[in-house]
Amino acid sequence: MAADSLEKIASLCKRRGFIFPGSEIYGGLANTWDYGPYGVELKNNLKQLWWKFWITNRDDIVGLDAAILMNPRAWEASGHVANFSDPLVDCKACNKRHRGDKLLEEKYGMEIFSYAESLIKEIEKEGVNHPLVVLNAKGSNTKDKEWWVGETIKDLKSKKSDSIALVNYLLKTSQITCPDCGKCNWAEAKKFNLMFKTQQGVIEGESKDIYLRPETAQGIFVNFKNVQSTTRKRLPFGIAQIGKAFRNEITPGNLTFRTREFEQMEIEYFCAEKDWKEVYAKLEAASWEFFLALGITEGNLRWRQHEDTELSHYSSLTKDVEYKFPWGWGELQGLAYRGNFDLSQHEKFSGEKMDYLDTETNEKFIPHCVEPSFGCDRSVLTVLLDAYTEEKVGEDDTRIVMKFAPRLAPIKVAILPLSKKENLTREAIKIYEMLRKDFRCEYDETQSIGKRYRRQDEIGTPLCITVDFGTIGEEESGQSKKGFVTVRDRDTLKQEAVKIEDLPEFVRKKIEG
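First, a word on scope: everything that follows refers to the structure included in this document.

What counts, and where the lines are drawn
Residues numbered from 1 in each chain as written. Predicted model: local features only at pLDDT ≥ 70, side-chain atom pairs only at ≥ 80, totals over all residues. Heavy atoms only, no water. Helix = DSSP H or I, 4+ residues; strand = E, 2+ residues; numbered from the N terminus. Buried < 20%, exposed > 50% of the residue type's maximum accessible area, 1.4 Å probe, protein only. Salt bridge = Lys/Arg side-chain N within 4 Å of Asp/Glu carboxyl O. Pairing = 2+ DSSP bridges. Axes fitted to C-alpha atoms, helices over the stretch in contact; angles between N-to-C directions. Contact = heavy atoms within 4.5 Å.

Describing unusual backbone geometry
No. 1: Of note, the amide linkage connecting Leu 235 to Pro 236 takes the cis form, showing an omega dihedral of -5°.
No. 2: Even without being glycine, Arg 232 reaches a positive phi, approximately 55°.
No. 3: Looking at the secondary structure, you find Arg 232 in the loop between α11 (224–231) and β9 (237–246).
No. 4: Looking at Arg 232, the relative accessible area reads 68%, which means it is exposed.

Take a look at the structure:
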């Protein structure tokens, strides 16, 4: 994917009404975005497709819509209050703040704990000649360089489980410069809790601290017993929801890839411990199938398994579906085996039983869980990037076309009278009114037909219906004849004559396949 793809997509999104900068008339608010008329249609289509794929078309997953605000004890139980933080560093030269771990990951192409492991192996292999050993031994009175090999390895091992200590150590030894000013003058890294805190209560000073949820998963876990008892689901089964989450983090600015307010599409799939590997394999296959159903190029997708140093404390296996973004591979979905950590924690902190009775074996146990977690906004960005196409048309003309999967396209059909003459527009509006009952349509009579085609190409409309003089019985020739319209295919540019009365079925086949 071309390095300038993101800039081109950002420009098109603003120009064509997919995504606007948030609060733009006030100068914006860092990394907040608003979905425009076509963007919200695209996003809603993606969410509907996800819901249909995972819930409507299956018997083993049910839906939920949990509250954004939860009792703060839930976040103590999940570990977010104590552990949900990033290592932030300030540049002393320009006072800009950055995530220290991300600066290191960008330089070395791997997360910091994996890099620490690779450094230890390098030092063990190169010994006294390794640059880090040479750096540590420089200016020292200790003449035994072999001693410094052991000390350097010991130092790294002592820090490799502490993100703050490791970031401080690696920033000092790596000579990484500030992306904003180019200086290398870092303050000590500090932990920064990522949860947005607010207050519940109407009287200042008497209100209670609560949090905007940083993930949707905990709303599912605290409702496990409610859902299981009301639906009478037997293991294995899943609970799914789509909803907003909030994280007060330093963001890299890659459009909507990482934002402070974002939408998740998550499933917590519960099972007996003995069944988790089978469940995991099935969800892994289904996840891949879902992304292909979005029309994303398979060659731009991959699975990446987390190394042991990357795993969350509750997980023994996590894999990510990644997409090849203009800046490199990035996560679209995580698939994590969470064990029974979450339900056990909520049982401990709430005092409410979270166990399940297996009626066949009469055994009671706390279910284990496999979690497919999808980023909705990232998926929309991926669809936009993957659909963006530039095609040469003729000698010196380039056509920009968004080749969305038809089911995702914001507008399914555009109805375009050849001109603004009343006898044409009257017939075109009739067709528009007929089709809009079943499909998201757009009527456009402004500018030349060629410019209108190009506009529809840029918003990804699969089909354009042209009403010409032949349609109304005037100037019939070739495909242009009374009672027929010309339907233009976005991707092939092929045009075919279709009877007006056959249009609903014709469009349905093209859109739904």
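Observations regarding the pattern of salt bridges
No. 1: Inspection of the entire model under this criterion finds 37 salt bridges.
No. 2: Residue Arg 454 pairs with Asp 397 through a salt bridge whose shortest N-O separation is 2.7 Å. Highlighted residues: Arg 454 in helix α16 (residues 449–459) and Asp 397 in strand β18 (residues 397–402), separated in sequence by 57 residues.
No. 3: Its relative accessible area of 32% is what places Asp 397 among the partly exposed residues.
No. 4: A network of salt bridges, in which partner residues are shared, links Glu 391, Arg 399, Lys 403, Asp 457 and Arg 488.

Remarks on the sheet that holds strand β22 (residues 484–489)
No. 1: Reading across from one edge, β20-β19-β21-β22-β23 is the order of the 5 strands in this open sheet, with mixed pairing throughout. Each of the sheet's edge strands pairs with one partner strand only, and the pair in question is β20 (441–443) and β23 (495–499). Shown here is a sheet whose adjacent strand axes are inclined to one another by a mean of 25°, direction ignored.
No. 2: As paired strands, strand β19 (residues 413–417) and strand β21 (residues 463–467) are joined by 5 bridges and run parallel to one another. Pairing of Ala 414 across the sheet is with Cys 464, part of β21.
No. 3: Helix α17 (residues 503–512) contacts β19, β21, β22 and β23 of the sheet and is inclined by roughly 135° relative to β23.

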